[in-house]
Amino acid sequence: MKSLFLSLTVVAVATLAGCGKSDTTSNTAAAPASTAPAAPAQRPELKVAIDPTYEPFTFKTPDGKPTGFDVDIAEALCAEIQRQCVYVEQVWDSMIPGLQAKKYDVIVSSMSITEDRLKVVDFTDKYYNTPSRIVVKSDTPFTDIASLKGKKIGVLKGSTQEKYAMGELRPAGVSIVPYEAQDQVYLDIKSGRLDGTVADSVEVTGGFLSKPEGQGYGFVGPVLNDVKYYGSGVGIALRQGETQLKDELNAAIKAIRSNGTYDTVSKKYFDFDVYGD
Amino acid sequence: MLSGYFLAILQGALLTVGVSLGALALAIVLGLIGASAKLSGRPIPVALATVYTTLVRGIPELVLMLLVFYGGTIGLNHLLEMAGSRRTVDINPFLAGVITIGFIYGAYMTETFRGAILAIPKGQMEAAWAFGMGRTRTFLRITAPQMVRYALPGFTNNWLVLIKATALVSLIGLQEMTYLAKQASAATREPFTFFLFAAALFLVYTSVSLWALRWLDRRFSLGVRRGHA
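Residues numbered from 1 in each chain as written. Chains lettered and ligands numbered in written order. Predicted model: local features only at pLDDT ≥ 70, side-chain atom pairs only at ≥ 80, totals over all residues.

Which residues make up the overall build of chain B, and what are the values?
Per the secondary structure count, chain B includes 8 helices and 0 strands. Of the regular secondary structure in chain B, the N- to C-terminal order runs α-α-α-α-α-α-α-α. Within chain B, the fraction of its 229 residues that count as buried is 31%. A separation threshold of at least 6 residues defines the contact pool for chain B, and within that pool the share at least 24 residues apart is 76%. (Helix = DSSP H or I, 4+ residues; strand = E, 2+ residues; numbered from the N terminus. Buried ≥ 20, exposed ≤ 12 C-beta atoms within 10 Å, placed from the backbone. Contact = placed C-beta atoms within 7 Å.)

Right, dumping it as structure tokens:
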């Protein structure tokens, strides 16, 4: 395979060199190049970082293949910009350091665009934006957040939901407990140490509400999507200064939004519009 | 249908064994160098070894790993850019894992070995010198065999902690079994099944190594009569 690429490159270089020499040789030399459809395949691979621990957005099938909404979107975008996606699995904690160390080119792993992250990395436009919700026992009387006073709410450490909970719920007298992982929050609700959680509505539906231990729990209050806490959605992270790649990806997002690819992918995983408004 | 996930975790276990054995070898070498530096009595080696053990034992492994691997790569990339190269450094994560963990546990080994050497009666070494043995021969024939016996309890502790520390190498992009268990539990939403499996694998590994270390301990205590407990 490698030698095939190499010989193709040699041919291409020879062709280009031939073009420069004179008009008469360029005609004959350009002919084989135009018949070879390999030209777009020679764009370098796009290394895409994912943390496949976030079903249904990024996870692995039993035979070890990365899959999910994020991965399908990445595939669609790669097809659009005519580069091949190569996936690099990376733990969430070292996601941004790995990007800066050039282990990969982009992060397509449900990363929300936030002020703090924008200080160190750049983002494309959003490719989805699912709102967060508060989840407590369904029989909890609720008029506004003040009615949750005295309750214990678990959140994912370092998440946008934690920021919201610290900024809005804690001043209202709710006690907030941050956890390393969202499934630990569910385990602690089950064991009775927590009254509820603030979480992404898709995540909490798949991971908790639709399961036996989520029986008797439900959403309360409005849909939460305050830009101050939640940012402007989920985007593709890339190193600062990579404007060309950013522009290409933004154009590709627009393209798959308009040509129906996005909707096909979205319908595969969700029964509502994940793009948001 | 779930067997694929178990298989992946088993493969991760092989990586855990590889990283931990590699790191152990490096830690032993660094530990011996560190211990002899500390015991040399010469100011510069003593100072260097003290800085090493103080810094490394005082900083959380997770922080060190991020600093060494990502800090190192980012630094090298900057250097390359300044030199006008468009290439980027790609450090092999397996090697990076072995080196980082070996470097960290070398500091613990230094202290274990230093204590073990100090526990050997000074007269033993003096007798060897009196017989005209050189430094190397004294170390190999007199110090090392006795040191092993004194070092083994502390060494065993370090080794068990080192094995578990390999769970951190997922930070630098290695698919070790804890991270694979996490992936499987996230995909299936069955955390206990896969984490218990990974825990059992760790237990098998530590049990086998404890058995081997107990054999070593008996071997190196042949000339010693133990009090009945």
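So that's the structure; there's more coming.
Help me get a handle on the overall build of chain A, residues and values and all.
A tally of regular secondary structure across chain A gives 11 helices and 12 strands. The buried share of chain A, reckoned over its 277 residues, is 35%. When contacts within chain A are restricted to residue pairs at least 6 apart in sequence, those whose partners lie at least 24 apart make up 70%.

Before we move on, can you summarise the interface of chain B and chain A with the specific residues and values?
Opposite the 23 residues of chain B that make contact, chain A presents 23 residues. Elements supplying a minimum of two residues to the side of chain B that touches chain A: helix H1 (3-39), helix H3 (61-82) and helix H7 (177-188) of chain B. For the side of chain B that touches chain A, the class distribution of residues is 13 nonpolar, 8 polar and 2 charged. (Nonpolar A, V, L, I, M, F, W, Y, C, P; charged D, E, K, R; others polar.)

Can you tell me about the environment of Ser221(B), naming the residues and giving the values?
Residues and elements named next belong to chain B. Locating Ser-221 in the fold gives a position in the segment after helix H8 (191-220). Look at Ser-221 and you get partly exposed, because 13 C-beta atoms sit within 10 Å. For the pair Ser-221 and Arg-149, spaced 72 residues apart in sequence, the C-alpha separation works out to 6.4 Å.

Could you give an account of the confidence of the model for chain A, naming the residues involved and the relevant values?
Scored by pLDDT, chain A comes out at a mean of 84, with 85% of its residues at no less than 70. The low-confidence segment residues 1-39 of chain A, where pLDDT is below 50, has 12 contacts with residues more than four positions distant or belonging to other chains. (pLDDT = per-residue confidence, 0-100.)

Quick one: what's the story with the sheet that holds strand S9 (residues 175-179) of chain A, residue by residue and with numbers?
All names here are of chain A. Judged by pairing direction, the sheet is mixed, and its 5 strands sit side by side in the order S9-S8-S10-S7-S11 without closing on themselves. Every other strand in the sheet has two partners, leaving S9 and strand S11 (217-224) as the edge strands with one partner each. Each adjacent strand pair in this sheet contributes to an overall mean axis angle of 30°, direction not counted. Sheet analysis places strand S7 (residues 132-137) next to S11, joined by 5 bridges and oriented antiparallel. Residue pairing for S11: Val-135 is matched across the bridge by Phe-219. (Pairing = 2+ DSSP bridges. Axes fitted to C-alpha atoms, helices over the stretch in contact; angles between N-to-C directions.)

If you had to explain the pairing of S9(A) to someone new, which residues and values would you point to?
For strand S8 (residues 152-156) of chain A and S9(A), the ladder comprises 5 bridges, and the chain directions are parallel. Bridging across to S9(A), Val155(A) finds its partner in Pro178(A).

Can you break down the sheet that holds strand S4 (residues 85-89) of chain A residue by residue, with the values?
Residues and elements named next belong to chain A. With mixed pairing, 5 strands are arranged side by side in an open sheet as S4-S1-S5-S12-S6. Every other strand in the sheet has two partners, leaving S4 and strand S6 (122-128) as the edge strands with one partner each. If you compare each strand with its neighbour and ignore which way they point, the axes differ by 30° on average. Taken together, the 4 bridges between S6 and strand S12 (residues 234-238) define a ladder with antiparallel strand orientation. What sits directly across from Tyr-128, in S12, is Val-234. Of the strands in this sheet, strand S1 (46-50), S4, strand S5 (106-112) and S6 touch helix H3 (residues 69-81), which is tilted by about 135° from S5. The strands touched by helix H10 (residues 243-258) are S6 and S12; relative to S6, the strand with the most contacts, the crossing angle is about 10°.

Can you explain the packing of helix H7 (residues 182-190) of chain A against helix H8 (residues 201-209) of chain A? Please cite residues and give values.
Residue and element names in this part refer to chain A. For the pair H7 and H8, interaxial distance at closest approach is 11 Å and the crossing angle is 45°. As far as their axial angle goes, H8 and H7 are oblique. Seen along the crossing, H7 lies across H8 with a hand that is right-handed. Packed against H7, whose contacting residues are Gln-182, Asp-183 and Tyr-186, the element H8 presents Glu-203, Gly-207 and Phe-208 at the interface. Across the contact of H7 with H8, the residue classes break down as 2 nonpolar, 2 polar and 2 charged. (Parallel < 35°, antiparallel > 145°, perpendicular 65-115°, else oblique. Left-handed = near helix turned anticlockwise from the far one by under 90°.)

How would you explain H7(B) if you had to name every residue and give the values?
Its 12 residues give H7(B) an end-to-end C-alpha distance of 16 Å, which sits within 8% of 16 Å, the value for a rise of 1.5 Å per residue. With 11 of its 12 residues buried, H7(B) lies for the most part within the structure. Every buried residue belonging to H7(B) is among Met177(B), Thr178(B), Tyr179(B), Leu180(B), Ala181(B), Lys182(B), Gln183(B), Ala184(B), Ser185(B), Ala186(B) and Ala187(B), and all of these are buried. Elements that come into contact with the buried residues of H7(B) comprise strand S2 (59-60) of chain A together with H1 and H8 of chain B. After H7(B) finishes, the residue Arg189(B) shows a positive phi value of roughly 60°. (Expected span 1.5 Å × (residues − 1).)

Account for the environment of Gln161(A), with residues named and values stated.
Relative to the helices and strands, Gln161(A) is located in helix H6 (residues 160-169). Of the residues examined, Gln161(A) has 30 C-beta atoms within 10 Å and is grouped as buried.

For helix H6 (residues 135-165) of chain B, give the residues involved together with the corresponding values.
Taking 1.5 Å of rise per residue, the 31 residues of H6(B) would be expected to cover 45 Å, yet its terminal C-alpha atoms sit only 35 Å apart, more than 12% below that figure. At Ala151(B), H6(B) shows its largest bend, some 55°, and a proline, Pro153(B), comes one to four positions later. (Bend = angle between axes of the 7 residues up to and from the residue.)

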